[in-house]
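Listed below are the residues making up each chain.
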Amino acid sequence: MTSASPLSTVRAVCPGSFDPFHLGHLDVVRRAAAVFAELVVLVLANPAKPGRFALAERVRLIEESLAAAGVSGARVVGAAGGLLVDHCRELGAGVVVKGVRGPLDLGYETPMAVRNRQMTGVETLFLPCAPELSHVSSSLVAELAALGGPYADLVPAPVAAALASRA
Ligand code: PNS
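The text that follows walks through the structure, step by step, so that each part is easy to find. Nothing here was measured: the structure is a model prediction, and the numbers come from that model.

### Remarks on the packing of helix α2 (residues 55–69) against helix α6 (residues 157–166)
α6 packs onto α2 with a crossing angle of 140° between their chain directions and a minimal axis gap of 8 Å. As the angle between them shows, α2 and α6 are arranged oblique. Between α2 and α6, the contacting residues are Glu57, Leu61, Glu64 and Ser65 on the first element and Pro158, Val159, Ala162 and Arg166 on the second. Residue composition of the contact of α2 with α6, by class: 4 nonpolar, 1 polar and 3 charged.

So, in structure tokens, the structure goes:
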């Protein structure tokens, strides 16, 4: 006998800088959107990372990428700053979902997950990324694009077109 997952009533937030959005992100968003009642892809500025695409352009590229991939149940929201926990409160989301590529990502994400839970009780769930995409990162894609290397097999078509138009 099967029953609906308790998570299918929960609104979750998938945060990131997504600069640019790549196939590893798309895989995580697709899988999370299938688990939760509603998924908000929250595009946040990360002060520690250089901004490549403007926030509004990142939002548009993710919307186009999700539509092209037939991913439903996810909406995209951009925020120029602020604490993730405050955005979760405003969005009515009690769960954060993050993709992790391996131990390095887990080491980076865990302190933030712990602190976010301490601050407001919001829980973070980690999704292991698809192994065939574990080498893909926004910085790798951006470096390939900047140096004339191939990247079109690592990103959704709208992102590939946006990167190509900048070359
Ligand atoms: O894709 P990234 O760059 O790994 O995303 C990191 C991001 C933007 C999700 C993270 O830096 C974040 O949550 N920033 C919001 C600011 C915040 O809440 N900082 C305190 C964390 S305890």
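Having seen the model, we can carry on.
### Some details on the side chain of Lys98
Tracing the backbone through its elements, the reader meets Lys98 in strand β4 (residues 95–100). Classification of Lys98 as buried rests on a relative accessible area of 18%. Polar contacts involving the side chain of Lys98 include one to the main-chain carbonyl oxygen of Pro15, which spans 3.4 Å. Looking at Lys98, its side chain comes within polar contact range of the side chain of Glu109, at 3.3 Å. Aside from chain neighbours lying at most four places away, what touches Lys98 is Pro15, Gly16, Glu109, Thr124, Leu125, Phe126 and Leu127.

### Comments concerning the packing of aromatic side chains
Within the structure shown, the criterion is met by 1 aromatic pair. Aromatic pair Phe18 and Phe21: ring centres 5.8 Å apart, planes at 65°, arrangement edge-to-face. Residue class for Phe18 comes out buried when judged on its relative accessible area of 5%. Over the ring of Phe53 we find Arg166, and its NZ or CZ is 4.1 Å from the ring centre.

### Looking at the pairing of strand β1 (residues 11–16)
Along a regular strand, successive side chains alternate from one face of the sheet to the other. Within β1, 5 of the 6 residues are buried, leaving the element largely enclosed by the surrounding structure. The pairing of β1 with strand β2 (residues 38–44) spans 6 bridges and is parallel. Note on β2: the bridge partner recorded for Cys14 is Val41. Taken together, β1, helix α1 (residues 23–35) and β2 form a β-α-β motif whose crossover is right-handed.

### Details of the environment of Tyr151
Relative to the assigned elements, Tyr151 resides in the loop between α5 (138–147) and α6. Remark: the alpha-carbon pair of Tyr151 and His22, spanning 129 residues in sequence, is separated by 9.7 Å. Apart from the residues within four sequence positions on either side, Tyr151 is in contact with Val141, Leu144, Ala145, Ala160, Leu163 and Ala164. A polar side-chain atom of Tyr151 sits 3.3 Å from the main-chain amide nitrogen of Ala164.

Definitions and cut-offs
Residues numbered from 1 in each chain as written. Predicted model: local features only at pLDDT ≥ 70, side-chain atom pairs only at ≥ 80, totals over all residues. Heavy atoms only, no water. Axes fitted to C-alpha atoms, helices over the stretch in contact; angles between N-to-C directions. Helix = DSSP H or I, 4+ residues; strand = E, 2+ residues; numbered from the N terminus. Parallel < 35°, antiparallel > 145°, perpendicular 65-115°, else oblique. Contact = heavy atoms within 4.5 Å. Nonpolar A, V, L, I, M, F, W, Y, C, P; charged D, E, K, R; others polar. Buried < 20%, exposed > 50% of the residue type's maximum accessible area, 1.4 Å probe, protein only. Polar contact = N/O pair within 3.5 Å; in protein donor to acceptor, adjacent residues only side chain to side chain. Phe/Tyr/Trp six-rings, centres within 6.5 Å; stacked < 30°, edge-to-face > 60°. Lys NZ or Arg CZ within 6 Å of the ring centre and 35° of its normal. Pairing = 2+ DSSP bridges. Right-handed = clockwise from strand over helix to strand, strands pointing away.

By themselves, these observations are geometric and do not establish any function.
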